[in-house]
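The lines below spell out each chain.
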Amino acid sequence: MIKNYIELAVEEMLDDVLESYAKKNPGTCICPRCRLDVMALALNALPTRYVVTDEGGIYTKVAMEQVGGRAQVIAAILNGLQIVKTNPRH
Ligand SMILES: [Zn+2]
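Residues numbered from 1 in each chain as written. Predicted model: local features only at pLDDT ≥ 70, side-chain atom pairs only at ≥ 80, totals over all residues. Heavy atoms only, no water.

Quick look at the coordination of the zinc ion
Looking at the metal site, the zinc ion is ligated by Cys29 (SG), Cys31 (SG), Cys34 (SG) and His90 (ND1), spaced 1.9 to 2.3 Å from it. Here the zinc ion binds four donor atoms, and the angle range of 95 to 120° at the metal identifies the geometry as tetrahedral. Sequence positions of the residues that donate to the zinc ion give the spacing C-x1-C-x2-C-x55-H. (Donors = N, O, S within 2.8 Å, 3.2 Å for Na, K, Ca; no water. Tetrahedral: all angles 85-135°; square planar, octahedral: opposite > 155°, others 65-115°.)

Structure, rendered in structure tokens:
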């Protein structure tokens, strides 16, 4: 199976970042459509790193290193949030 492990890293952190952002910024929409838009924007801003794996257990730690650490993933998600907030498509 081929996986983009950057996607896995974003997926893992998305809800945490979304929740804490929404707490600090009332009115932030975290409906499924906005959530996916944020994820797509974040992924477009990050590099893509494919890995071949035959199990579900994925190497988030490795993915974080590839992408430059959690801070870069969080920054990409926050950037996506701001774009979606300004121009929601739900
Ligand atoms: Zn929404």
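The structure having been displayed, the exposition proceeds.
Looking at the confidence of the model for the protein
Mean pLDDT over the protein: 87, with 84% of residues reaching 70 or higher. At the level of individual helices and strands, the protein shows its lowest average pLDDT in helix H3 (residues 60-67), which scores 64, and its highest in helix H2 (residues 32-45), which scores 97. (pLDDT = per-residue confidence, 0-100. Helix = DSSP H or I, 4+ residues; strand = E, 2+ residues; numbered from the N terminus.)

A closer look at the packing of helix H1 (residues 5-24) against helix H4 (residues 70-86)
Here H1 crosses H4 at 60°, and the two axes come no closer than 10 Å. The orientation of H1 with respect to H4, classified from their angle, is oblique. In the crossing of H1 with H4, the sense of the turn from one axis to the other is right-handed. In contact with Ala9, Val10, Met13, Leu14, Val17, Leu18 and Tyr21 of H1, H4 contributes Arg70, Val73, Ile74, Ile77, Leu78, Leu81, Gln82 and Lys85. For the contact of H1 with H4, the residue count by class is twelve nonpolar, one polar and two charged. (Axes fitted to C-alpha atoms, helices over the stretch in contact; angles between N-to-C directions. Parallel < 35°, antiparallel > 145°, perpendicular 65-115°, else oblique. Left-handed = near helix turned anticlockwise from the far one by under 90°. Contact = heavy atoms within 4.5 Å. Nonpolar A, V, L, I, M, F, W, Y, C, P; charged D, E, K, R; others polar.)

Some details on the side chain of Thr28
Along the chain, the position of Thr28 falls in the loop between H1 and H2. Classification of Thr28 as buried rests on a relative accessible area of 13%. At 2.6 Å, the side chain of Thr28 forms a polar contact with the backbone oxygen of Asn25. Contacts of Thr28, omitting those with residues within four sequence positions, involve Tyr21, Ala22, Leu81 and Lys85. (Buried < 20%, exposed > 50% of the residue type's maximum accessible area, 1.4 Å probe, protein only. Polar contact = N/O pair within 3.5 Å; in protein donor to acceptor, adjacent residues only side chain to side chain.)

Observations regarding the packing of H2 against H4
Taken N-terminus to C-terminus, the directions of H2 and H4 make an angle of 130°; their axes are 8 Å apart at the nearest point. The orientation of H2 relative to H4 falls into the category oblique. Like other packed secondary-structure pairs, H2 and H4 cross with a definite hand, here right-handed. Here Cys34, Asp37, Val38, Leu41, Ala42 and Ala45 of H2 come into contact with H4, specifically with Ala76, Ile77, Gly80, Leu81, Ile83 and Val84. Looking at the contact of H2 with H4 residue by residue, the class counts come to ten nonpolar, one polar and one charged.

Some points on the side chain of Asn4
Mapped onto the secondary structure, Asn4 falls in strand E1 (residues 2-4). For Asn4, a relative accessible area of 11% corresponds to the buried category. At 3.1 Å, the side chain of Asn4 and the backbone nitrogen of Ile6 are in polar contact. Look past the residues within four positions of Asn4 in its chain and what remains in contact with it is Thr48, Arg49 and Tyr50.

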